[in-house]
Amino acid sequence: MRRRLIGSGVWLVMAAALFAAPDADPYPTPTSKKGLQVQMVDDAIALGIRHAGLNCHLASFVDLAARPDSIRFTFEGNDYFFLAPPVAHLDAEVQPLSAHGIVISLILLNYENKDEALNSIFLHPRYDRAAKTNHMSAFNVATPDGVRHLRATVAFLAQRYSEAGAPHGRVWNYIVGNEVNSHWWWNNMGRATTEDVASEYERAVRNVHAAVRTASDNARIFLSFEHHWSIRYPAGAPDQSCPGRELLEAFARFARERGDFDWHLAYHPYPENLGEPRFWLDKSATQSADTPRITFKNIEILPRYLARPELLWQGHPRHVILSEQGFHCPDRADGERDQAAAYCAAWWKIAHLDGIDAFILHRHVDHAYEGLNLGLWTHQPDTIATPNRHRQLYEVFRVADTPEWEKAFAFALPVIGIERWEQLLPAAGPR
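Residues numbered from 1 in each chain as written. Predicted model: local features only at pLDDT ≥ 70, side-chain atom pairs only at ≥ 80, totals over all residues. Heavy atoms only, no water.

By the definition in use, this model includes two cavities of 30 Å³ or more. Here the second largest cavity is characterised by a volume of approximately 30 Å³. Taken together, Glu112, Tyr127, Asp128, Arg129, Ala131, Lys132, Thr133, His135, Met136 and Asn188 make up the lining of the second largest cavity. In terms of residue class, the lining of the second largest cavity is built from three nonpolar, three polar and four charged. (1 Å grid on protein atoms, 1.4 Å probe; cavity = no way out; pocket = protein on both sides within 12 Å on 5 of 7 lines; lining within 4 Å. Points joined across faces, edges and corners; volume = space filled by probe spheres on them. Nonpolar A, V, L, I, M, F, W, Y, C, P; charged D, E, K, R; others polar.)

What follows is the structure in C-alpha cells.
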C-alpha cells in the first residue's frame, strides 16, 4: 500500500490491496476487567482503564462521491472510498488508547443518514422511518449493495486496526449493533417476529465476522443484548421487542444451520429500573433460569446459560463482555452515594466472577438527551455533554482495580446492606 501525506496530516491512499494474510497475533490478556465508553481519551487513560468502547457509525465513513482526498480501498473486486476526516478522528481515539495496552471494542452502528444515497444502501429495506425511535436501522443484508458495503466498511476498519506495528492503533472487538432484542428502538427493520430478527441479525453478524477475518485471525465479534431475558421490553409489542433468551436461542440455531462460527455476547445488565442505581433491590432479577431480567444482581445466570452444550464453540463457552451499563445518579440527597455504591458492588462482583471478560461502564460524561445521569462527570449547564465536575463515582472507578479499592469502597457496605464483599457472590452449585 503506497501513501503520501497531504495537508495537515491526512493520508491519501493511492492504492489499496488486501493483506497477504490476516494478522495472527493472539488475543491479549488484560490485567483488569475495568472499562469505559470513552469520551475523553486522556482522562480515560488517567483513570487506568483496560477496556474501551467506542461508537462507530459505519455509513459516516463512506464516500460515495469518491473525492480525491478520500481513502481508496479495494475489497472483493470493488473500489470503495472512505472520508479522511472521520477516519482520522477515529484514529485519534484508537491509537493512544491502544498504545496504552487498552483493549478496544468498536460498537458498529447503523443510523439513518441525511444522505439518501447512503440510506438506500445501508438502511434495511424494512426500516420504518415513521417509527421515530432512535433512527437506527438493522444492517441491510437483504440487498447485494447492502451486503457488499457492510463487508467492505468493516474490512476497511479491521484491516486498518490490525496492521503490523499498529500505526493507527489496534482494535480487538467488534460489537454488531445495539440491544437487538429491543429491535424496534435499536435495530429497526419494521415490525418483525423474533425469527425474522434473528435470521437477519445472524446474516449481519456472519458478514461482519467474515470481513474481520480478512484482517485478524483472533479479533472477536459480539452480539449486543439488553437486560430483558425471559420477558421482552414491556413498552414493546410482540413484534417490536423480544425476550433476550428467545432471540439468542434463535440466533444460535440459525448460526448452526448455516455453519457455526465464533460469535460472542456483549450484554447490558442495567438495573431493573434504569432510574434506580441500587440493583440489589431488583425484584425481577432472580436465580431462576427463567428470570425475567439479568442484571448485576443475578449476572451469574448468563455465563451459566452459555455453558450449555448446544451453545459452545469448539467445546468452550462463548466470551461475554458487559459492553454498556451504568448507574443513574438520582436527584436526592444520597444520589451520588448510591450511584457510587452501586458501582462498587457491581465491580467487586464482576471482578470475582468467572466467565465475564470486561465491565465497560457507560457513561464518561452525562448526556443531556439521554434522560439519565450516568456519568463519572456531570455536564455543564446548557451543553449536551461538556464535562463539568467529577461525581463521587469518579473516585471509586479510578481506584477499583488498585490496592486503594478496599478503603475507598468501605462506605458502600452498609449502603448495600452487607458486611463482607463475598456476600455478593452466588452460592455454589446449579439452580
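A separate point is the layout of surface pockets. In this model, the largest pocket occupies a volume close to 1400 Å³. Lining the largest pocket are 46 residues, and of these Asn55, Trp186, Glu324, His362 and Glu370 lie nearest its centre. Among the secondary structure elements, those contributing two or more residues to the lining of the largest pocket are β4 (51–57), α2 (84–99), β7 (103–109), α5 (183–186), β9 (220–226) and β11 (320–325). Take the lining of the largest pocket: its biggest share by element is five residues, from β4. Split into classes, the residues belonging to the lining of the largest pocket amount to 20 nonpolar, 18 polar and eight charged. (Helix = DSSP H or I, 4+ residues; strand = E, 2+ residues; numbered from the N terminus.)

One way to put it is that helix α9 (residues 335–351) packs onto helix α10 (residues 392–399) with a least axis distance of 8 Å and a crossing angle of 20°. By the angle between their directions, the pair α9 and α10 is classed as roughly parallel. The chirality of how α9 crosses α10 is right-handed. On the side of α9, the interface is formed by Glu336, Arg337, Gln339, Ala340, Tyr343 and Cys344, while α10 contributes Gln392, Leu393, Val396 and Phe397. Tallied by class, the residues present in the contact of α9 with α10 amount to six nonpolar, two polar and two charged. (Axes fitted to C-alpha atoms, helices over the stretch in contact; angles between N-to-C directions. Parallel < 35°, antiparallel > 145°, perpendicular 65-115°, else oblique. Left-handed = near helix turned anticlockwise from the far one by under 90°. Contact = heavy atoms within 4.5 Å.)

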